[in-house]
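Coordinate analysis (summary)
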Amino acid sequence: MHWQHWQDLHWNVFSSLMMQRIEIQDILRLMQAQLGTSSLDPQLLVQFVARLRPSHASDVDEIQNKIRALIHTLVITPTAADILQHFILQLLNQYKQVSLYAESGILSSEGFNTQLSQRIGAYFLPLLADEHELKELVGVVFHQKNDKHWLYNIPSEDWQNLLKILAQPNGNQVYKHQMCMQMMNAIMTLSYRVSSIGLHPEFCHAYPAMDEYESPFLIQNREIIEFVEDYKKYIADFNHASAVRFPDPAQALVMLDQCRDIMFRIKRATKRNGVGLSLTYLLVLLEQCLQRIETLLQVVTSLGQSQRTAMMELLRNLTAAYYNDQSVRALLATNTELLALQVTENASRTGEHYVSTDKKGYLQMYRSAAGAGVIIACMATLKLLAARAVFAPLMYAFVNSMIYGLGFVLIHMLHFTVATKQPAMTAAALAATIQHSKGSKTAQMAELATLSINIIRTQFIAIIGNISIAIPVAAILMVGWEYMFHEAFLTHSKATTVLQSLNPFTSLALPHAAIAGVCLFLSGLIAGYYDNLAVYRHVGARIRAHRRLQGIFSAQRLENISHYIERNLGAIMGNFLFGIMLGSMGTIGFLLGLPLDIRHIAFASANLMHGLMNVNGTPDMGLIIISFVGVLMIGLTNLFVSFSLTIFVALRARRVQLKEWRPLFKLILTHFVTRPSDFFVPPKKPLKIEETD
């Protein structure tokens with residue numbers, strides 16, 4: 001039965017391939033009938049590609065079978081390759097080609113903001129298409145968005161064989177030369193754009209050494225112009241017995257490599273000097289222009305396998321670009337990658353200070369978190385006190401935001417630690433470790449498992465530090481209030497409401513905790529962004545040069561202030577804006593009529609004590625237990641959401657994928673079963689998980 005099934009399967013595949021060959025041969029005959037006419041029908045090329053298009057873009061077997069069937073058809077039919085080549089070349093030369101080669105898949109020189117607004121506007125009111133542009137033919141032929149995927153899934157070997165067969169006929173030289181000249185015009189256009197980028201003030205500011213010698217961005221343009229002129233002479237004398245040799249682009253390629261080297265130097269310098277969105281845009285644009293020039297030069301001047309590889313790459317890129325050039329998501333992903341890397345790089349360096357590996361660091365983290373617990377209890381009390389006042393909704397948002405924002409800034413200035421701030425930092429540090437891991441896979445997994453356990457242990461003691469102090473301090477404040485004013489801080493109904501808001505089963509405590517987790521994640525990005533901004537915009541030096549501040553502070557005091565702000569601007573802004581997000585979320589929900597609010601473990605623990613000490617009579621044990629469980633679940637939700645979002649962004653910014661999560665989880669789980677204490681208290685010796693097979 002299995003043998004019969006195997007025979008039936010292969011017969012069906014063979015039958016479909018034979019049917020495809022017949023259909024392709026019919027299309028080739030129609031193409032041959034149109035050759036020599038003034039205008040070819042592009043629908044024949046559309047139908048031709050439709051015969052090659054698989055049912056699913058990820059079905060590699062079907063893709064391979066169809067391409068190999070086409071190759072077989074071209075081989076067994078003597079004139080098929082010449083007909084297909086002639087038809088494609090003549091059809092392509094009916095269209096304007098320069099904009100496709102010089103613009104498709106390459107950012108505009110207008111800048112990021114203009115590009116973003118244009119793409120958003122085109123989403124609601126599409127741009128007019130020029131039917132004479134070759135770009136529109138690409139969209140007609142590859143009219144499905146997943147076409148770029150199956151083109152990438154065609155094996156390189158099959159690409160080489162197909163293009164080798166199509167390149168065999170030596171005819172159609174006129175059409176080939178016309179296409180080459182169009183590519184030359186595109187190369188000239190791109191070369192001028194590269195020169196303009198090299199002269200851009202932002203670019204020169206990022207690489208001042210470029211002013212010390214003749215810029216390669218200008219030299220490459222001279223070399224490109226000279227090469228293009230030589231190529232034009234070669235084409236003009238091609239049909240004559242002439243001594244004009246084929247032009248060599250080697251010198252132009254050398255200068256392009258020098259431009260690329262400067263680009264890489266600037267990218268490396270961004271780790272030290274910071275980066276802005278405008279510089280990121282210029283670097284992406286430069287990289288795209290250089291890559292396209294090199295690809296077009298290879299198509300025009302190379303021979304054999306390197307030429308076919310360049311043609312394959314060009315077709316893939318132009319097909320993908322037809323849809324990416326209209327996509328807002330593609331624009332954001334392309335231009336924010338370097339900035340996201342810089343932001344998460346700053347966060348990862350900060351995150352290293354949030355991971356303890358020994359007893360000394362463990363106890364220091366507890367003391368730091370305990371100090372934050374005192375301030376958090378005061379902040380939670382002030383927020384409940386502010387709720388007793390009568391304000392307009394926006395004033396409530398302002399007061400709560402100031403309580404949270406200034407409180408978090410004070411915690412940072414006193415070198416204390418809020419437990420839930422750790423995941424946004426440690427996730428970036430974990431992503432950096434994944435990126436720079438070396439050695440075997442087992443060694444990498446062991447290193448990641450070690451770091452993960454250290455993070456979990458440090459996170460545990462930080463939470464304990466926050467909660468263990470916030471709860472008794474909140475209790476002391478309640479007792480002090482009742483002693484001083486001879487009244488309960490909260491009414492019985494208000495205290496009951498506070499406790500009910502912690503119930504994870506009957507309230508929105510967990511969704512609100514998830515919102516707080518998102519705010520924690522955003523605060524980490526904000527901190528990294530402002531750290532980068534402080535370096536890139538020379539904030540410290542500009543403060544020291546501020547004339548009014550020079551008149552207010554002494555030189556030494558101003559020096560200290562500038563250094564402090566330069567080093568701590570990210571943390572200050574991240575904490576302050578995090579406080580604003582927490583303080584205004586409830587008001588935003590009220591104004592929009594949505595159930596928006598936040599729940600944070602440290603404040604929830606303080607509110608737990610507020611509620612228990614102000615209810616009438618002895619609190620029910622069930623209420624105490626369910627409220628405490630709610631506090632723990634709020635904390636887990638805070639940590640999980642902020643950590644997940646941060647590590648996702650950090651990995652994406654570094655173009656890192658960790659596919660083998662299961663071995664990592666297995667290592668961590670095995671260590672938890674054998675040595676669970678390492679997850680809660682530091683081992684006597686620094687933790688190091690051994691490699692396992």
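1. Brief notes about the overall build of the protein
In terms of regular secondary structure, the protein is built from 28 helices and zero strands. Taken over 693 residues, the protein has a buried fraction of 48%. Considering only contacts within the protein whose residues lie at least 6 apart along the sequence, 82% involve residues at least 24 apart. Accessible area for the protein stands at about 35,300 Å²; split by element, carbon and sulfur atoms hold 61% of it.

2. Thoughts on the side chain of N614
In this fold, N614 is placed in the loop between helix 26 (601-612) and helix 27 (621-653). Of note is the side chain of N614, whose polar atom sits 3.2 Å from the backbone nitrogen of F489. In this structure the side chain of N614 is engaged in a polar contact, spanning 2.6 Å, whose partner is the backbone oxygen of H610. Setting aside residues up to four positions removed in sequence, N614 forms contacts with M478, A488, F489, L490, T491, H492 and A495.

3. Digging into a nonpolar patch on the surface
On the surface, a cluster of nonpolar side chains totalling about 610 Å² of accessible area is made up of F460, I464, L669, F672, V673, F680 and V681. Put simply, the parts of the chain that give the nonpolar patch at least two residues each are helix 20 (441-485) and helix 28 (661-674). A total of three residues in the nonpolar patch trace back to one element, the largest contributor, which is helix 28. The class for V673 is exposed, based on a relative accessible area of 63%.

4. With respect to the environment of G36
With respect to the helices, strands and loops of the structure, G36 is situated in the loop between helix 1 (2-34) and helix 2 (43-52). With relative accessibility at 65%, the residue G36 sits in the exposed group.

5. What to know about the nonpolar core
Grouped together as the largest cluster of nonpolar side chains are 97 residues, with contacts concentrated most on M31, F48, Y101, W150 and F203. At 14 residues, the largest contribution of residues to this core is made by helix 14 (residues 277-301). Membership of the second largest hydrophobic core comes to 57 residues, among which are A377, M379, I411 and A495.

6. Focus on the packing of helix 18 (residues 393-413) against helix 25 (residues 555-592)
Close contact between helix 18 and helix 25 brings their axes to 7 Å; oriented N to C, the two are set at 150°. Here helix 25 runs roughly antiparallel to helix 18, going by the angle between their axes. Taken as a pair, helix 18 and helix 25 cross one another with a handedness that is right-handed.

7. Some points on the pattern of salt bridges
Going through the model one piece at a time under the given rule, you end up with eleven salt bridges. The salt bridge partner of K66 is E62, with a shortest N-O separation of 3.5 Å. With K66 and E62 both in helix 3 (residues 60-76) and four residues apart, this pair spans about one turn of that helix. On the accessibility criterion, K66 (16% relative accessible area) is buried. On the accessibility criterion, E62 (17% relative accessible area) is buried. Two residues, E287 and K267, come together in a salt bridge whose shortest N-O distance is 3.1 Å.

8. Describing the confidence of the model for the protein
Confidence in the prediction of the protein, expressed as mean pLDDT, is 82, and 86% of residues score 70 or more. When the criterion is pLDDT under 50, residues 1-19 qualifies, and its contacts beyond four places in sequence or with other chains add up to four contacts.

9. A short note on the packing of aromatic side chains
Summed over the entire model, instances satisfying the criterion amount to 16 aromatic pairs. Plain terms: the ring middles of F460 and F680 are 5.0 Å apart, the flat faces sit at 80° to each other, and that makes the pair edge-to-face. Taken together, the residues F460 in helix 20 and F680 in the segment after helix 28 connect sequence positions 220 residues apart. Since its relative accessible area comes to 30%, F460 is described here as partly exposed. When its relative accessible area of 35% is taken as the criterion, F680 is described as partly exposed. Chaining the aromatic ring pairs together yields one cluster made of F227, Y231, Y234 and F246. In this structure, R388 is placed above the aromatic ring of F489, and the distance from its NZ or CZ to the ring centre is 6.0 Å.

10. Structural notes on unusual backbone geometry
One non-glycine residue, H415, lies in the positive phi region at around 65°. Along the polypeptide, H415 turns up in the loop between helix 18 and helix 19 (422-436). Of the residues examined, H415 reaches a relative accessible area of 63% and is grouped as exposed. Here H538, not a glycine, exhibits a phi torsion of approximately 55°, which is positive. If you trace the backbone, H538 turns up in the loop between helix 22 (509-536) and helix 23 (539-544).

11. Brief notes about the environment of D41
Among the secondary structure elements, D41 is positioned in the loop between helix 1 and helix 2. A residue is classified by how much of its surface remains accessible, and D41, at 31% relative accessible area, is partly exposed. For the pair formed by D41 and F87, sequence separation is 46 residues and the distance between their alpha carbons is 9.7 Å. With residues up to four places along the chain from it excluded, the contact list for D41 reads Q34 and F87.

12. What about helix 21 (residues 492-500)?
Every buried residue of helix 21 is listed here: A495, V498 and L499. Taken end-on, helix 21 shows its buried residues confined to a sector of 95°, consistent with a single buried face.

13. Observations concerning the packing of helix 4 (residues 80-92) against helix 9 (residues 156-167)
Relative orientation of the contacting elements helix 4 and helix 9 amounts to 85°, with a least axis distance of 8 Å. Accordingly, the angle class assigned to the pair helix 4 and helix 9 is roughly perpendicular. Only I165, L166 and A167 of helix 9 make contact with helix 4, whose side of the interface consists of A81, L84 and Q85. In terms of residue class, the contact of helix 4 with helix 9 is made up of five nonpolar, one polar and no charged.

14. As for the side chain of N466
If you trace the backbone, N466 turns up in helix 20. Non-local contacts of N466, meaning those with residues more than four positions away in its chain, are made with A369, A372, G373, I376, T417, V418 and A419.

15. Notes on the environment of Q173
Looking at the secondary structure, you find Q173 in helix 10 (residues 173-198). Classification of Q173 as partly exposed rests on a relative accessible area of 27%. When the C-alpha atoms of Q173 and L89 are compared, they prove to be 9.7 Å apart, with 84 residues separating the residues in sequence.

Cut-offs applied
Residues numbered from 1 in each chain as written. Predicted model: local features only at pLDDT ≥ 70, side-chain atom pairs only at ≥ 80, totals over all residues. Heavy atoms only, no water. Helix = DSSP H or I, 4+ residues; strand = E, 2+ residues; numbered from the N terminus. Buried < 20%, exposed > 50% of the residue type's maximum accessible area, 1.4 Å probe, protein only. Contact = heavy atoms within 4.5 Å. Areas by Shrake-Rupley, 256 points an atom, 1.4 Å probe, with all protein chains shown as cover. Polar contact = N/O pair within 3.5 Å; in protein donor to acceptor, adjacent residues only side chain to side chain. Patch = residues over 30% accessible without salt bridge, like charges linked within 9 Å, V, L, I, M, F, W, Y side chains within 5 Å. Salt bridge = Lys/Arg side-chain N within 4 Å of Asp/Glu carboxyl O. Core = buried A, V, L, I, M, F, W, Y, C linked by side-chain atoms within 4.5 Å. Axes fitted to C-alpha atoms, helices over the stretch in contact; angles between N-to-C directions. Parallel < 35°, antiparallel > 145°, perpendicular 65-115°, else oblique. Left-handed = near helix turned anticlockwise from the far one by under 90°. pLDDT = per-residue confidence, 0-100. Phe/Tyr/Trp six-rings, centres within 6.5 Å; stacked < 30°, edge-to-face > 60°. Lys NZ or Arg CZ within 6 Å of the ring centre and 35° of its normal. Arc of directions from axis to C-beta. Nonpolar A, V, L, I, M, F, W, Y, C, P; charged D, E, K, R; others polar.

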